[in-house]
Amino acid sequence: MKLNLTGAKRLVSSLLQGVNLYLIGMMGAGKTTVGQLLANHLGYRFLDTDDVITQSAGRSINQLFAEEGEAAFRQLESDVLAQVCAYTRLTIATGGGIVLRQENWSYLHHGLVVWLDVPVELLYTRLAEDTTRPLLQDADPQGKLRSLLEQRTPLYSQADLKITVRAEETPEEIAHRVIEAIPSVLKPQVAQ
């Protein structure tokens, strides 16, 4: 039985019961764009951990990496995640490397973790002109992306839900696929 989008949203809302959605995946995967759409569809608030970090630090991610290093940035990322997991009814776009620290998984597992899995070639196309990504300041950015994805794939694969993104899909179509897939991992609560 295929539900229309309105029916699927109602079903997903009842299954989620206010549980947060955490979007993980590589930089350029579309976590922020898809996350905003999901939040709108589900009546959730939207939050991007990178935005929270830059607002609280008063500096860009590039500046944080340059001035304090990746380890300090990762600690800020963990601190932000620890704070936001206390709230409910949030759709949260996380930084691509949030999965690298084991402690972050204890926070992520407070909600439903959705991996937006995007092929390296598509990531590279999306990020080719982006100079704001400190980890891509490399002589071979496509090779760097491939290496990061290889390193992170075993971690990303711990997600509750994997959505493989295709080049021709719009963010709206991806958001609809996430909504349609949630019932496959969340089952209705049976009243005792």
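Just so it is clear, the structure is predicted and the values come from calculations on it, not from any experiment.

**As for the overall build of the protein chain**
Logical step 1: Helix and strand counts for the protein chain come out as 9 helices and 5 strands.
Logical step 2: Along the protein chain, helices (α) and strands (β) appear in the sequence α-β-α-β-α-α-α-β-α-β-α-α-β-α when read from the amino end.
Logical step 3: A separation threshold of at least 6 residues defines the contact pool for the protein chain, and within that pool the share at least 24 residues apart is 75%.
Logical step 4: As displayed, the protein chain has an accessible area near 9,600 Å², and 51% of this comes from carbon and sulfur atoms.
Logical step 5: Where the 18 positive side-chain charges of the protein chain centre and where its 22 negative ones centre are 7 Å apart.

**Let's talk about the pattern of salt bridges**
Pairs can form between side chains of opposite charge whenever their charged atoms are close.
Logical step 1: Scanning all chains against the criterion turns up 10 salt bridges.
Logical step 2: The residue R59 makes a salt bridge to E68 at a minimum N-O spacing of 2.4 Å.
Logical step 3: Here D117 and K162 are joined by a salt bridge, their closest N and O atoms 3.5 Å apart. Remark: K162 occurs in strand β5 (residues 161-164) and D117 occurs in strand β4 (residues 112-117); sequence separation between them is 45 residues.
Logical step 4: Judged by relative accessible area, D117 falls into the buried class, the value being 14%.
Logical step 5: Sharing partners across several salt bridges, the network here consists of R166, E168, E169 and R177.

**Quick notes on the nonpolar core**
Logical step 1: I24, V114 and L116 are the most contacted members of the largest nonpolar core, which has 57 residues in total.
Logical step 2: Setting aside anything within four residues of it in sequence, one finds I24 in contact with K31, T94, I98, V99, W105, L108, V113, V114, W115, L116, Y156 and A159.

**Overview of the packing of aromatic side chains**
Logical step 1: Under the counting rule described, the total for this entry stands at 2 aromatic pairs.
Logical step 2: Ring centres of F65 and F73 lie 5.1 Å apart, and the angle between their planes is 40°; this geometry places the pair in the tilted category.
Logical step 3: A relative accessible area of 3% means that F73 is categorised as buried.

**Quick look at helix α5 (residues 70-84)**
Logical step 1: Given a rise of 1.5 Å per residue, 15 residues ought to cover 21 Å, and the 21 Å separating the end C-alpha atoms of α5 matches this to within 8%.
Logical step 2: For α5, every residue scored as buried is listed here: F73, R74, E77, S78, V80, L81 and V84. One side of α5 holds all its buried residues, which, seen down the axis, span an arc of 165°. Opposite the packed face of α5, turned more than 90 degrees from it, sit the exposed residues A71 and Q83.

**Quick word on the side chain of N20**
Logical step 1: The topology assignment puts N20 in the loop between α1 (5-16) and β1 (21-24).
Logical step 2: For N20, a relative accessible area of 3% corresponds to the buried category.
Logical step 3: There is a polar contact of 2.9 Å between the side chain of N20 and the backbone oxygen of Y87.

**Quick notes on the confidence of the model for the protein chain**
Low-pLDDT portions of the prediction should not be read for the details of their coordinates.
Logical step 1: Across the protein chain, the average pLDDT comes to 88, with 92% of residues at 70 or higher.
Logical step 2: The lowest-confidence element of the protein chain is α1, averaging 81 in pLDDT; the highest-confidence one is β1, averaging 98.

**Concerning the packing of helix α7 (residues 120-127) against helix α8 (residues 141-156)**
Logical step 1: Where α7 contacts α8, the axes come no closer than 10 Å and their chain directions differ by 130°. The pairing of α7 with α8 is recorded here as oblique in orientation. Of the two possible hands of crossing, α7 and α8 adopt the one that is right-handed. Facing V120, E121, L123, Y124 and L127 of α7, the residues of α8 in contact are P141, Q142, L145, R146 and L149.
Logical step 2: Residues of the contact of α7 with α8, tallied by class, amount to 7 nonpolar, 1 polar and 2 charged.

**Some remarks on the pairing of β1**
On any regular strand, side chains alternate: one points to one face of the sheet, the next to the other face.
Logical step 1: Alternating positions in β1 separate into two faces, L21 and L23 on one and Y22 and I24 on the other, with burial throughout.
Logical step 2: As paired strands, β1 and strand β3 (residues 90-93) are joined by 3 bridges and run parallel to one another. Pairing of L21 across the sheet is with T91, part of β3.
Logical step 3: As paired strands, β1 and β4 are joined by 4 bridges and run parallel to one another. Opposite I24, over in β4, you have W115 as the bridge partner.

Rules and cut-offs
- Residues numbered from 1 in each chain as written.
- Predicted model: local features only at pLDDT ≥ 70, side-chain atom pairs only at ≥ 80, totals over all residues.
- Heavy atoms only, no water.
- Helix = DSSP H or I, 4+ residues; strand = E, 2+ residues; numbered from the N terminus.
- Contact = heavy atoms within 4.5 Å.
- Areas by Shrake-Rupley, 256 points an atom, 1.4 Å probe, with all protein chains shown as cover.
- Lys, Arg positive; Asp, Glu negative; His and termini not counted.
- Charge placed at Lys NZ, Arg CZ, Asp CG, Glu CD.
- Salt bridge = Lys/Arg side-chain N within 4 Å of Asp/Glu carboxyl O.
- Buried < 20%, exposed > 50% of the residue type's maximum accessible area, 1.4 Å probe, protein only.
- Core = buried A, V, L, I, M, F, W, Y, C linked by side-chain atoms within 4.5 Å.
- Phe/Tyr/Trp six-rings, centres within 6.5 Å; stacked < 30°, edge-to-face > 60°.
- Expected span 1.5 Å × (residues − 1).
- Arc of directions from axis to C-beta.
- Polar contact = N/O pair within 3.5 Å; in protein donor to acceptor, adjacent residues only side chain to side chain.
- pLDDT = per-residue confidence, 0-100.
- Axes fitted to C-alpha atoms, helices over the stretch in contact; angles between N-to-C directions.
- Parallel < 35°, antiparallel > 145°, perpendicular 65-115°, else oblique.
- Left-handed = near helix turned anticlockwise from the far one by under 90°.
- Nonpolar A, V, L, I, M, F, W, Y, C, P; charged D, E, K, R; others polar.
- Pairing = 2+ DSSP bridges.

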